[in-house]
Amino acid sequence: MAEITLVEAVNLALAHELARDPSVVLLGEDIGANGGVFRATLGLKDRFGAGRVLDTPLAEAAIAGLAVGMAAEGLKPVAEIQFTGFIYPALDQLINHASRMRHRTRGRLTCPMVLRSPCGAGIHAPEHHSESPEALIAHVPGLRMVIPSSPARAYGLLLAAIRDPDPVVFFEPTRLYRLFRQAVEDDGVALPLDACFVLRGGTDLTLVSWGAAIHETLAAAGALEDEGVSAEVIDVATLKPLDMATILESVGRTGRCVVVHEAARSAGFGAEIAAGIAESGLFSLLAPLERVTGYDVVLPYSRLEMQYLPGVARILAAARRAMKFQ
Amino acid sequence: MNVVASFQVERLEFLGAEGELLAPLPDFARDPEKLVALYRAMTLTRLFDARAVALQRTGQLGTFASSLGQEAVGTGVASAMREEDVLVPYYRDHGALLWRGVTMVESLLYWGGDERGCDYAGPRRDFPACVPIATQVTHAAGVACAMKLRGEPRVAVCMVGDGTTSKGDFYEGLNVAGVWHLPMVVVINNNRWAISVPLHAQTAAATLAQKAIAAGIEGLQVDGNDVIAVHEAARRAIERARAGGGPTLVEALTYRLGDHTTADDATRYRSAGEVERARRLEPRARLARYLERAGAWSGAAEERLRNECTERVEQAVREYLAVPPPAPAAMFEHLYAELPAALRPQREAALRAAGGERERG
Ligand SMILES: Cc1ncc(C[n+]2csc(CCOP(=O)(O)OP(=O)(O)O)c2C)c(N)n1
Ligand SMILES: [Mg+2]
């Protein structure tokens, strides 16, 4: 089994589906000869032809709108938005059309499309290239919101996203694209789109995160173990629809919860998880829930971005505060 | 069938690739001093640009978008503006920024990941470089609208790339400028590529200048490697706008000799032969040839200029490298006019976290 990076896993899943299902087409800026600016679509145009891998003009509203039209007409478009910072012209299409085509036609027309986009900070990119707007997407009824945090999950979740009968927004954390390798078998097995992944079992504390922040969260869990604290780590890779049951079950056992995310704090997706716990798990809490997030500031240019990101130290500090409640 | 409307697109050019004259020079260009000033600015831009790329390669700068080969566009346009006009640039406009008075230190800070690089000491009303493609065209229309509403004889000058013309907001900006007869000039740096997408894959239109026609505004093409033509086209358009004559779209034909940015590798999608052919048309050499023939430039002058520019660039680099990173508190500064009380605890937490990390080394 080959050891591959997350971006190679994305490529592998795209190739698998292009080969398996003739209705799958890719579209986006620079995805052909250039293989995408991160090389996620490397070699796919050569392998599958210009009729399956379409370089579009520079126009995000058109990319998303094309995907809506293609999907309604029976194709399975997988569109790429070059960076999440440039997804906003596509939101009109996602919010006003993709998410509700099925609903407003009572199932007559549907939108089985995927919109992929690299997200997140920490790679010293220029401005507008580092945001994590998953909460914006997760707020839209009718869309699914997925963010993998490992090569294996990227492969399995992208297969599932492409096969799903509804529109899926799929964010790929740029910081993880080449951070590490993992054995991924090209077996075509999809992962569920509505279940959290428990990455590490624990009994004292539940750490909940997704995307690139999973890695600082796992590191914090390792450090806590040295302090005698057993932390469970949950990857909410599928934010919408949210598998609250797994989180509630864990918090029911540990009584303590720290939610970690890169995006700004206010109305971030952590608030949704906190609300879910307040509604259905309040009495199992031994300590106030903690959120470790980006600050409510414009994501700083690269010289300060590491100060913005929730690092291991901030996660540890929150976990230790929670552990003070016995 | 009756013809109800017909259009044509004109191209303005004065200097050929060998520096030969293709048409009688416009008035401003009869003064060799004016041309030497443009030449000096283009040279500074090129040396600054090359140094910025080198800084990125050695990890001292973030991703940088080189303007190699396109210097005549920025220099030619900015030199046709008045100080009180407003430049609404995009990220490849180093030449225009330099002419407007943005310092090299400010530019380096910006590309080095420091917001202070957008706080221009010089042109206080100019916009910072725009990264989300085409969004700046509507800003320029807004700026021009403000000028017009106040009855001021000022002009908004907007810079965009060729790929930018595919996006809706490009057309939205032109259209509103047309209906409202705004004092706006949009200049397209048609460097033939939008990252890996060549112009023919971007549009089926024969020219980009003709996109003005649908908006009902003036449009023309210029040889973007001929700084005299760029300056003259920009000057006419800006002065027409100032006089209440409405907006113009100028398409400047040039070529992106470098990679899209330092994060790009153009050998993946275009041939070395194409780049070499384009290099023979580049703007600086042709102006040098013309000036030499006119007796206004010499090898000795060239050497003096290079030394002077290199020294200025090196001085800027030294100053840039000596600027300490912004303090973590800077994240919370200038977020609102005044930091809302609700945000103060986050600011304090950020300062504590930053202090803690420093203790740990
Ligand atoms: C809305 C938006 N989409 C995508 C990008 C990513 N991107 C940056 S530059 C670029 C190509 C721009 O080409 P062009 O307009 O020709 O300008 P050039 O860079 O060639 O000067 C793209 C796609 C972006 N910055 N903004
Ligand atoms: Mg271009």
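Residues numbered from 1 in each chain as written. Chains lettered and ligands numbered in written order. Predicted model: local features only at pLDDT ≥ 70, side-chain atom pairs only at ≥ 80, totals over all residues. Heavy atoms only, no water.

## As for the overall build of chain B
Move 1: Across its full length, chain B carries 13 helices and 8 strands.
Move 2: For chain B, whose C-alpha radius of gyration is 22 Å, the value lies close to the compact-globule estimate of 21 Å for 361 residues.
Move 3: Once the C-alpha set of chain B is aligned to its principal axes, its extents read approximately 75 × 55 × 40 Å.
Move 4: In chain B, buried positions account for 57% of the 361 residues.
Move 5: Put simply, of all contacts in chain B between residues at least 6 apart along the chain, 74% involve residues at least 24 apart. (Helix = DSSP H or I, 4+ residues; strand = E, 2+ residues; numbered from the N terminus. Rg over C-alpha atoms; globule rule 2.2 N^0.38 Å. Buried < 20%, exposed > 50% of the residue type's maximum accessible area, 1.4 Å probe, protein only. Contact = heavy atoms within 4.5 Å.)

## Focus: the site of ligand 1
Move 1: Surrounding ligand 1, one finds 21 residues, the nearest of these being Glu60 of chain A together with Tyr90, Tyr91, Arg92 and Thr164 of chain B.
Move 2: Take Thr164 of chain B: an N or O atom from its side chain is 2.7 Å from an oxygen atom of ligand 1.
Move 3: Separating an oxygen atom of ligand 1 from a backbone N or O atom of Trp193 of chain B is a distance of 2.8 Å.
Move 4: Here ligand 1 loses 97% of its free accessible area of 580 Å² to cover by the protein chains. (Near = heavy atom within 4 Å. Polar contact = N/O pair within 3.5 Å; in protein donor to acceptor, adjacent residues only side chain to side chain. Areas by Shrake-Rupley, 256 points an atom, 1.4 Å probe, with all protein chains shown as cover.)

## Let's talk about the sheet that holds strand E4 (residues 76–80) of chain A
Residues and elements named next belong to chain A.
Move 1: With respect to topology, 7 strands assemble into an open sheet ordered E3-E2-E4-E5-E7-E6-E12, the strand pairing being mixed. The sheet is open, and its two borders are formed by strand E3 (53–55) and strand E12 (238–240), each paired with just one other strand. With strand direction ignored, the average angle separating the axes of adjacent strands in the sheet is 20 degrees.
Move 2: Here strand E2 (residues 24–28) runs beside E3; their pairing, made up of 3 bridges, is parallel. When the bridges of E3 are listed, Gly28 appears paired with Asp55.
Move 3: Contacting E2, E3, E4 and strand E5 (114–119), helix H3 (residues 60–72) runs over the sheet at an angle of about 170 degrees to E4. (Pairing = 2+ DSSP bridges. Axes fitted to C-alpha atoms, helices over the stretch in contact; angles between N-to-C directions.)

## Brief notes about the coordination of the magnesium ion (ligand 2)
Residues and elements named next belong to chain B.
Move 1: The coordination sphere of the magnesium ion (ligand 2), as far as protein atoms go, consists of Asp162 (OD), Asn191 (OD1) and Trp193 (O), spread over 2.0 to 2.1 Å.
Move 2: Within one chain, the residues donating to the magnesium ion (ligand 2) are spaced in sequence as D-x28-N-x1-W. Of the two residues examined, Asn191 and Trp193, each falls in the buried class. (Donors = N, O, S within 2.8 Å, 3.2 Å for Na, K, Ca; no water.)

## Topic: the side chain of Arg242 of chain B
Residues and elements named next belong to chain B.
Move 1: Tracing the sequence through the fold places Arg242 in helix H9 (residues 227–242).
Move 2: For Arg242, a relative accessible area of 12% gives the class buried.
Move 3: For Arg242, the side chain forms a polar contact with the side chain of Glu239, separated by 2.9 Å.
Move 4: When sequence neighbours within four positions are dropped, the list of residues in contact with Arg242 reads Arg82, Asp85, Pro153, Arg154 and Val155.

## Digging into the domain arrangement of chain A
All names here are of chain A.
Move 1: As assigned here, chain A comprises domain 1 (2–184) and domain 2 (197–323).
Move 2: Taking the mean C-alpha position of each, domain 1 and domain 2 sit 26 Å from one another.
Move 3: Contacts between the two partners involve 29 residues from domain 1 and, on the opposite side, 26 residues from domain 2.
Move 4: Carbon and sulfur atoms supply 58% of the area buried between domain 1 and domain 2, which totals about 2200 Å² over both sides.
Move 5: By the criterion of area lost to domain 2, the three top residues of domain 1 are Ile147, Arg153 and Arg175, representing 24% of everything that side buries.
Move 6: We note a salt bridge from Arg175 to Glu216, for which the minimum N-O separation is 2.9 Å.
Move 7: Here the side of domain 1 that touches domain 2 is built from residues that sort into 16 nonpolar, 7 polar and 6 charged. (Domains from an automatic or database assignment. Buried area = accessible area lost by both parts, 1.4 Å probe. Salt bridge = Lys/Arg side-chain N within 4 Å of Asp/Glu carboxyl O. Nonpolar A, V, L, I, M, F, W, Y, C, P; charged D, E, K, R; others polar.)

## What about helix H2 (residues 71–78) of chain B?
Move 1: Of all the 8 residues making up H2 of chain B, 8 are buried; the element is thus mostly covered by neighbouring parts of the structure.
Move 2: Of all the positions in H2 of chain B, only Glu71, Ala72, Val73, Gly74, Thr75, Gly76, Val77 and Ala78 of chain B are classed as buried.

## Looking at the packing of helix H1 (residues 6–20) of chain A against helix H7 (residues 151–163) of chain A
Residue and element names in this part refer to chain A.
Move 1: Remark: H1 packs on H7, axes separated minimally by 8 Å, with the N-to-C direction vectors making an angle of 30 degrees. H1 and H7 meet at a crossing whose hand is right-handed. From H1, Leu6, Ala9, Val10, Leu12, Ala13, Leu14, His16, Glu17 and Arg20 reach across to H7, where they touch Pro151, Ala154, Tyr155, Leu158, Leu159, Ile162 and Arg163.
Move 2: Partitioned by chemical class, the residues of the contact of H1 with H7 number 12 nonpolar, 1 polar and 3 charged. (Left-handed = near helix turned anticlockwise from the far one by under 90°.)

## Examining the interface of chain A and chain B
Move 1: Between chain A and chain B, the contact holds 33 residues from the first and 43 residues from the second.
Move 2: Both faces combined, the contact of chain A with chain B buries some 3100 Å², and carbon together with sulfur accounts for 60% of it.
Move 3: Of all residues in chain A, the largest losses of buried area upon contact with chain B belong to Leu58, Tyr301 and Arg303 of chain A, amounting jointly to 25% of the total for that side.
Move 4: Viewed at the interface, chain B and chain A are joined by 1 salt bridge.
Move 5: Salt-bridge contacts for Arg303 of chain A lead to Asp114 of chain B; the nearest nitrogen and oxygen are separated by 3.4 Å.
Move 6: Where chain A touches chain B, the interface holds 9 residue pairs in polar contact (both at pLDDT 80 or more).
Move 7: Only helix H11 (305–308) and helix H12 (312–323) of chain A provide two or more residues apiece to the side of chain A that touches chain B.
Move 8: Class assignment of the residues belonging to the side of chain A that touches chain B gives a composition of 17 nonpolar, 8 polar and 8 charged.

## Section: the pairing of E5 of chain A
Residue and element names in this part refer to chain A.
Move 1: The element E5 is largely enclosed, with a buried count of 6 among its 6 residues.
Move 2: Burial of the side chains of E5 extends over both faces: Val114, Arg116 and Pro118 are buried on one face and Leu115, Ser117 and Cys119 on the other.
Move 3: Of the pairings in the sheet, the one linking E5 to strand E7 (residues 168–173) comprises 6 bridges and is parallel in character. Residue pairing in the sheet places Arg116 in a bridge with Phe170 of E7.

## Topic: the side chain of Ser150 of chain A
Residue and element names in this part refer to chain A.
Move 1: Position of Ser150 among the secondary structure elements: in the loop between strand E6 (144–146) and H7.
Move 2: Looking at Ser150, the relative accessible area reads 3%, which means it is buried.
Move 3: Only 3.1 Å separates the side chain of Ser150 from the backbone nitrogen of Arg153, close enough to count as a polar contact.
Move 4: Setting aside its immediate chain neighbours within four residues, Ser150 contacts Leu6, Phe180 and Gln182.

## A short note on the environment of Lys240 of chain A
Residue and element names in this part refer to chain A.
Move 1: Its location among the elements puts Lys240 in strand E12.
Move 2: Since its relative accessible area comes to 23%, Lys240 is described here as partly exposed.
Move 3: Contact partners of Lys240, with chain neighbours within four places excluded, come to Ala138, His139, Val140, Pro141, Leu143, Arg144 and Met145.

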